[in-house]
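# Structure assessment
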Amino acid sequence: MRFHTRKWVKPEDLNANNTLFGGKVLAWIDEEAILYAIIQLENKKVVTKYISEINFMSTATAGDIVEIGIEVIEFGKTSLTLNCEVRNKMTLETIVTVDNIILVNLDDAGKPKPHGKTKIEFVKDRISIDS
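An account of the accompanying structure is given in this report.

What follows deals with the overall build of the protein chain. When helices and strands are tallied, the protein chain shows two helices and six strands. Along the protein chain, helices (α) and strands (β) appear in the sequence β-α-β-β-β-β-β-α when read from the amino end. In terms of overall dimensions, the protein chain has C-alpha extents of about 50 × 40 × 25 Å along its principal axes. The buried share of the protein chain, taken over its 131 residues, is 39%. Considering only contacts in the protein chain between residues 6 or more positions apart, those separated by 24 or more positions represent 66%. Carbon and sulfur atoms make up 51% of the accessible area of the protein chain, which totals about 8000 Å².

The following block contains the structure:
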């Protein structure tokens, strides 16, 4: 799994127990998944269709740094299925896991559109540099 993004847990990210609010971390996960899919599918029109069971395993407090990892599970015809792990950057303790996040590639009319992708592509591999 590749960990792409880090977040600094600030006081406004906490719940009444002074621990990381679950809704905040879920928003971070959704945003990270969408950004990942936009880059992979090369289309700004991507939406979240489904998020599977969410397993909260530990928490974070103000001042902690968490990182969000994304891994591709499957390329569908119009979709991309990911899984995700959020962990504490310093202790590497898992905070939350999500087994399946399904994102759908859309056309200009908002309808599912085949993306033609079958494997992970890195931006550096899409850029041709003439020597």
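Now, onward.
Turning to the pattern of salt bridges, a few remarks are in order. Throughout the structure, instances matching the rule amount to six salt bridges. Between Arg-6 and Glu-67 there is a salt bridge; the shortest N-O distance is 3.9 Å. Taken together, the residues span a long stretch of sequence, with Arg-6 in strand E1 (residues 2-8) and Glu-67 in strand E4 (residues 65-75) at a distance of 61 residues. Here Asp-13 and Lys-24 are joined by a salt bridge, their closest N and O atoms 3.6 Å apart. Placement of the pair is Asp-13 in the loop between E1 and helix H1 (22-41) and Lys-24 in helix H1, with a sequence separation of eleven residues. Accessibility expressed as a relative area gives 3% for Asp-13, which makes it buried.

This part is about the pairing of strand E5 (residues 79-88). Within E5, ten of the ten residues are buried, which leaves the element mostly enclosed by the surrounding structure. Side chains of E5 alternate between two faces, with Ser-79, Thr-81, Asn-83, Glu-85 and Arg-87 and Leu-80, Leu-82, Cys-84, Val-86 and Asn-88 buried alike. As judged from the nine bridges shared by E4 and E5, these two strands associate in the antiparallel manner. Residue pairing in the sheet places Gly-69 in a bridge with Glu-85 of E5. What sits between the antiparallel neighbours E4 and E5 is a turn of three residues. Two strands pair when backbone bridges link them, and E5 and strand E6 (residues 94-105) are joined in this way by eight bridges, in the antiparallel orientation. For Val-86, the partnering residue across the bridge sits in E6 and is Val-96. Taking the residues that link successive antiparallel strands as the turn, the E5-E6 hairpin has five residues, and the phi of Leu-92 there is positive, at about 65 degrees.

The biggest cluster of nonpolar side chains holds 27 residues, and the ones touching the most others in it are Leu-80, Leu-82, Cys-84, Val-86 and Leu-103. Of all the secondary structure elements, the ones that give two or more residues to this core are H1, E4, E5 and E6. Here this core takes eight residues from H1, the largest share from any one element. Every residue in contact with Leu-80, bar those within four places of it in the chain, is listed here: Tyr-36, Ala-37, Gln-40, Leu-41, Val-72, Glu-74, Phe-75, Ile-101, Ile-102 and Leu-103.

A word on a nonpolar patch on the surface. Together, Trp-8, Ile-65 and Met-90 give the surface a local cluster of nonpolar side chains, amounting to about 370 Å² of exposed area. Structurally, Ile-65 can be placed in strand E4. By relative accessible area, Ile-65 is classed as partly exposed at 32%.

Rules used throughout
Residues numbered from 1 in each chain as written. Predicted model: local features only at pLDDT ≥ 70, side-chain atom pairs only at ≥ 80, totals over all residues. Heavy atoms only, no water. Helix = DSSP H or I, 4+ residues; strand = E, 2+ residues; numbered from the N terminus. Buried < 20%, exposed > 50% of the residue type's maximum accessible area, 1.4 Å probe, protein only. Contact = heavy atoms within 4.5 Å. Areas by Shrake-Rupley, 256 points an atom, 1.4 Å probe, with all protein chains shown as cover. Salt bridge = Lys/Arg side-chain N within 4 Å of Asp/Glu carboxyl O. Pairing = 2+ DSSP bridges. Core = buried A, V, L, I, M, F, W, Y, C linked by side-chain atoms within 4.5 Å. Patch = residues over 30% accessible without salt bridge, like charges linked within 9 Å, V, L, I, M, F, W, Y side chains within 5 Å.

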